[in-house]
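Here's the letter readout for the chains.
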Amino acid sequence: MKVTSLDQVPSAAMAMAGVVGVAKQVPLGKEDGTPNFSFRVFTVEPGGHTPYHQHESEHLNYVIAGEGALVDADGTQHPLKSGDFAFVNPNEKHQYRNTSSTQEFKMICAVPSAYE
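Description of the structure in this document. (Residues numbered from 1 in each chain as written. Predicted model: local features only at pLDDT ≥ 70, side-chain atom pairs only at ≥ 80, totals over all residues. Heavy atoms only, no water.)

## As for the overall build of the protein
- The secondary structure content of the protein amounts to zero helices and nine strands.
- Tracing the protein from N to C terminus, the helices and strands come up as β-β-β-β-β-β-β-β-β.
- Rg of the C-alpha trace for the protein: 14 Å, near the compact-globule value of 13 Å for 116 residues, within the 12% margin.
- When its C-alpha atoms are laid out on the principal axes, the protein stretches across 40 × 30 × 30 Å. (Helix = DSSP H or I, 4+ residues; strand = E, 2+ residues; numbered from the N terminus. Rg over C-alpha atoms; globule rule 2.2 N^0.38 Å.)

Given below as structure tokens:
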């Protein structure tokens, strides 16, 4: 069993192609012994975004704070705000964007532990 608070979890800037202004935290993951799923928290700075990408695993998302968009394969932006949930299918091309010019966009992303 593990109980933690997000403010106690280290944050690391993501350094990969296509990332602008994104930090990642893993409050519960494979290092904690989770056998199936990991919770990752992404904080996207104003104007920032994740890479436009796809992978073999589904994503289950919950927006903690701010406003943003989930961009689909056609480039359509689906608005997201605090309290919203989003689902991305396996192999579905997508990107997360912060659409605010002043506030952080923060979300939980649940994925299989292998994709942490």
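## Describing the pattern of salt bridges
- Summed over the entire model, instances satisfying the criterion amount to two salt bridges.
- For the salt bridge of Asp32 with Lys2, the shortest nitrogen-to-oxygen distance reads 2.8 Å. In this pair, Asp32 is assigned in the loop between β2 (20–28) and β3 (37–49) and Lys2 in the segment before β1 (12–13), connecting sequence segments 30 residues apart.
- Classification of Asp32 as partly exposed rests on a relative accessible area of 35%.
- On the accessibility criterion, Lys2 (39% relative accessible area) is partly exposed. (Salt bridge = Lys/Arg side-chain N within 4 Å of Asp/Glu carboxyl O. Buried < 20%, exposed > 50% of the residue type's maximum accessible area, 1.4 Å probe, protein only.)

## Overview of the packing of aromatic side chains
- Scanning the entire structure with this criterion turns up one aromatic pair.
- With a centroid separation of 4.7 Å and an interplanar angle of 50°, the aromatic rings of Tyr62 and Phe85 are classed as tilted. Of this pair, Tyr62 sits in strand β4 (residues 59–65) while Phe85 sits in strand β7 (residues 85–88), and the two are 23 residues apart along the sequence.
- On the basis of relative accessibility, which here comes to 67%, the residue Phe85 falls in the exposed class. (Phe/Tyr/Trp six-rings, centres within 6.5 Å; stacked < 30°, edge-to-face > 60°.)

## A closer look at the environment of Tyr52
- Tracing the backbone through its elements, the reader meets Tyr52 in the loop between β3 and β4.
- Taking the relative accessible area as the measure of exposure, Tyr52 reaches 33% and is therefore partly exposed.
- Taking C-alpha positions, Tyr52 is 21 Å from Ser38, a pair spaced 14 residues apart along the chain.
- Setting aside chain neighbours within four positions, we find Tyr52 in contact with Val71, Asp72, Ala73, Asp74, Gly75, Lys93, His94 and Gln95.
- Among the polar contacts listed, one links the side chain of Tyr52 to the backbone oxygen of Ala73, at a separation of 3.0 Å. (Contact = heavy atoms within 4.5 Å. Polar contact = N/O pair within 3.5 Å; in protein donor to acceptor, adjacent residues only side chain to side chain.)

## With respect to the side chain of His59
- By the secondary structure assignment, His59 is in strand β4.
- Discounting residues that sit within four places of it in the chain, His59 has contacts with Arg40, His53, Ala86, Phe87, Val88, His94, Tyr96, Cys109, Ala110 and Val111.

## Structural notes on the nonpolar core
- If you look at the biggest cluster of nonpolar residues, it comprises 14 residues, and the most contacted ones within it are Val22, Phe42, Leu70, Leu80, Tyr96, Phe105 and Met107.
- Broken down by secondary-structure element, the contributors of at least two residues to this core are β3, β7 and β9 (105–112).
- Considering every element that reaches this core, the biggest residue donor is β9, with four residues.
- When residues no more than four places from it in sequence are discounted, the contact partners of Phe105 are Phe42, Thr43, Val44, Val63, Ala65, Gly66, Glu67, Gly68, Leu80, Arg97 and Asn98. (Core = buried A, V, L, I, M, F, W, Y, C linked by side-chain atoms within 4.5 Å.)

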